[in-house]
Amino acid sequence: MRVLFLPLKYNLSWPLHISVQLKFTMSSKPKVLLTHKAFPQTAIDMLSEKFDVELCNSKSAQITQQDVIDNIPGKFGIFCCPPIKINEEVLKTAGPSLKVVGTMSVGYDHVDLNALKKYGVRLGNTPDVLTEAVAEIAVGLLIATTRRFFEANKALKTGGWTNYSPDWMCGRGIQDSVVGIIGCGNIGTSIAEKLNKFNIAELLYTSRSEKPAVKAIGGKLVAVDDLVKRSDFIVLSVALTPETRFIINKDRIANMKSNAVLVNIGRGDLVDQDALIEALKGNKIRGAGLDVMTPEPLPLDNPLMNMDNVVLLPHIGSATVETRREMAELTSKNIIAVLENCVMPSEVKI
Ligand code: DGY
């Protein structure tokens, strides 16, 4: 058996800047396609014990949808992450060898579940391991937005910090506020627990069912309309589905308090972004802290880019080195479990 080690150094933006050493062999092991060059090496090593791991060839710096289609035929599995779409075309082109999609994300709105079912392909994702990292980003965004970190920092660096003025750069504290969490899964629950430590006045949440852990800290299960009207801070931590798309629509934005701050760590399409921009421009609400937006990457000429009452992050909710490594390793375990006919550590039920 001929074995070829091919060290590759890449500098792509998602998910990590690291070098990857892929092991190509001339064996007849099943093949797994990697959509990105920078997946953590420990996860690639785990996969390489069982599979021939192939990096998706691409002529451009960023992998495209067409690259995935060109590289997928004959693969047993695909190790991917958003925004690459796993749709009917990808699954059809893959052929009958494709058995598993491992997405290195908790969200799977980029995967067509009906098509997976049709082609008999299983899906693994990465919940739990990213809960704390994403909850930290939500709390960070909320504080940065309400306490005007970036606006104040910009003023400081551009000569706007002159004489003391008692009302300069005043924001609103979290203490004594009403916090509303839309979507109280693991991430929403962790955000609720963290924000509850700030001596808030009331904790509201929406969920399909009552969450004992949130109830235990005083959280009240309410309808979305109620939450939107009563909250000073509204945090979106719900999965994007056809039902939740634009859950924050024009009417709900119009019903928010004039001092409301909206934080989104879910997906951009949870919000009618045009309506949000209008509200922010007219100071109808106080601000927004967004780790996700539409589209991603956000074009530099998007109005959100230049608004002082908006804090934007480039979808880095799960971006800690440890979390990304754990996500990648879980993705490899999911893929290997299908090969070995074992229970997947984290399978999305289709
Ligand atoms: C997730 O895991 O879904 C993150 O948002 C990364 O896309």
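Residues numbered from 1 in each chain as written. Predicted model: local features only at pLDDT ≥ 70, side-chain atom pairs only at ≥ 80, totals over all residues. Heavy atoms only, no water.

Describing the overall build of the protein
And then number 1: Helix and strand counts for the protein stand at twelve helices and 14 strands.
And then number 2: For the protein, with 350 residues in total, the buried portion stands at 50%.
And then number 3: Long-range pairs, those at least 24 residues apart, make up 59% of the contacts in the protein with a sequence separation of at least 6.
And then number 4: For the protein, the exposed area adds up to about 17000 Å²; of that, 54% sits on carbon and sulfur atoms. (Helix = DSSP H or I, 4+ residues; strand = E, 2+ residues; numbered from the N terminus. Buried < 20%, exposed > 50% of the residue type's maximum accessible area, 1.4 Å probe, protein only. Contact = heavy atoms within 4.5 Å. Areas by Shrake-Rupley, 256 points an atom, 1.4 Å probe, with all protein chains shown as cover.)

Re the confidence of the model for the protein
And then number 1: Here the protein shows a mean pLDDT of 93. Residues at 70 or above account for 92%.
And then number 2: Between residues 1-20, whose pLDDT stays under 50, and residues either more than four places distant or in other chains, the model counts 55 contacts. (pLDDT = per-residue confidence, 0-100.)

Looking at the environment of Gly-219
And then number 1: Mapped onto the elements, Gly-219 comes out in the loop between helix 8 (212-215) and strand 10 (220-221).
And then number 2: Distance from Gly-219 to Gln-66, taken between C-alpha atoms, is 46 Å for residues 153 residues apart in sequence.
And then number 3: Apart from residues lying up to four places away in sequence, Gly-219 is in contact with Leu-203, Tyr-205 and Val-214.

Here's the deal with the sheet that holds strand 13 (residues 287-290)
And then number 1: Read across the open sheet, the seven strands follow the order 10-9-8-11-12-13-14; overall the sheet is parallel. Pairing within the sheet leaves two strands with one partner each, and these edge strands are strand 10 and strand 14 (310-312).
And then number 2: Taken together, the four bridges between strand 8 (residues 178-182) and strand 11 (residues 233-236) define a ladder with parallel strand orientation. The partner of Val-179 across the bridge, within strand 11, is Phe-233.
And then number 3: On the sheet, helix 5 (residues 131-146) packs against strand 11, strand 12 (261-264), strand 13 and strand 14 and is oriented at approximately 150° with respect to strand 12. (Pairing = 2+ DSSP bridges. Axes fitted to C-alpha atoms, helices over the stretch in contact; angles between N-to-C directions.)

Side note on the site of the ligand
And then number 1: The ligand sits among Pro-82, Ser-105, Val-106, Gly-107, Leu-130, Arg-267 and His-315.
And then number 2: Contact between the ligand and Val-106: an oxygen atom at 2.7 Å from a main-chain N or O atom of the residue.
And then number 3: One nitrogen or oxygen atom from the side chain of His-315 is found 2.7 Å from an oxygen atom belonging to the ligand.
And then number 4: Here the ligand loses 92% of its free accessible area of 230 Å² to cover by the protein chains.
And then number 5: Each residue belonging to the shell around the ligand can be placed in one class, and the counts come to three nonpolar, three polar and one charged. (Near = heavy atom within 4 Å. Polar contact = N/O pair within 3.5 Å; in protein donor to acceptor, adjacent residues only side chain to side chain. Nonpolar A, V, L, I, M, F, W, Y, C, P; charged D, E, K, R; others polar.)

Description of the side chain of Arg-252
And then number 1: Within the secondary structure, Arg-252 is located in helix 10 (residues 250-254).
And then number 2: Separated by 2.9 Å, the side chain of Arg-252 and the backbone oxygen of Ile-247 make a polar contact.
And then number 3: Every residue in contact with Arg-252, bar those within four places of it in the chain, is listed here: Val-224, Asp-225, Val-228 and Ile-247.

Some words on helix 11 (residues 273-281)
And then number 1: When we look at burial in helix 11, the residues that qualify are Gln-273, Ala-275, Leu-276, Ile-277, Ala-279 and Leu-280.
And then number 2: Buried residues belonging to helix 11 abut helix 10, strand 12, strand 13 and strand 14.
And then number 3: Two residues or fewer past helix 11, Asn-283 is found with a positive phi of approximately 50°.

Considering the packing of helix 1 (residues 41-48) against helix 12 (residues 321-339)
And then number 1: Axis separation between helix 1 and helix 12 bottoms out at 8 Å; the angle between their running directions is 15°. Comparing the axis directions of helix 1 and helix 12 gives the class roughly parallel. The element helix 1 and its partner helix 12 pack so that their crossing is right-handed. In contact with Thr-42, Ala-43, Met-46 and Leu-47 of helix 1, helix 12 contributes Arg-325, Ala-328, Glu-329, Ser-332, Lys-333, Ile-335 and Ile-336.
And then number 2: Residue composition of the contact of helix 1 with helix 12, grouped by class: six nonpolar, two polar and three charged. (Parallel < 35°, antiparallel > 145°, perpendicular 65-115°, else oblique. Left-handed = near helix turned anticlockwise from the far one by under 90°.)

Digging into the pattern of salt bridges
And then number 1: This model, assessed by the stated rule, comprises 19 salt bridges.
And then number 2: We note a salt bridge from Glu-210 to Lys-215, for which the minimum N-O separation is 3.5 Å.
And then number 3: Residue classification places Glu-210 among the partly exposed residues on the basis of a relative accessible area of 44%.
And then number 4: Here the residues in one salt-bridge network are Glu-202, Lys-220, Asp-226 and Arg-230, joined through shared partners. (Salt bridge = Lys/Arg side-chain N within 4 Å of Asp/Glu carboxyl O.)

Brief notes about the pairing of strand 4 (residues 52-55)
And then number 1: Note: strand 3 (residues 31-34) against strand 4, four bridges, orientation parallel. Bridge pairing in strand 4 places Lys-31 opposite Asp-52.
And then number 2: Taken together, strand 3, helix 1 and strand 4 constitute a β-α-β crossover, and its handedness is right-handed. (Right-handed = clockwise from strand over helix to strand, strands pointing away.)

Description of the domain arrangement of the protein
And then number 1: Segmentation of the protein into domains returns domain 1 (20-127 + 322-339) and domain 2 (131-158 + 169-312).
And then number 2: The distance between the C-alpha centroids of domain 1 and domain 2 comes to 32 Å. (Domains from an automatic or database assignment.)

Describing the sheet that holds strand 4
And then number 1: Judged by pairing direction, the sheet is parallel, and its five strands sit side by side in the order 4-3-5-6-7 without closing on themselves. The open sheet has two edge strands, strand 4 and strand 7 (122-124), and neither has a second partner. In this sheet, neighbouring strand axes are inclined to one another by 20° on average, regardless of whether the strands run parallel or antiparallel.
And then number 2: Pairing geometry for strand 6 (residues 100-103) and strand 7, over three bridges, is parallel. In the strand pairing of strand 7, Gly-102 is matched with Gly-124.
And then number 3: Along the sheet, helix 12 contacts strand 3, strand 5 (77-80), strand 6 and strand 7; its crossing angle with strand 6, the most-contacted strand, is approximately 170°.

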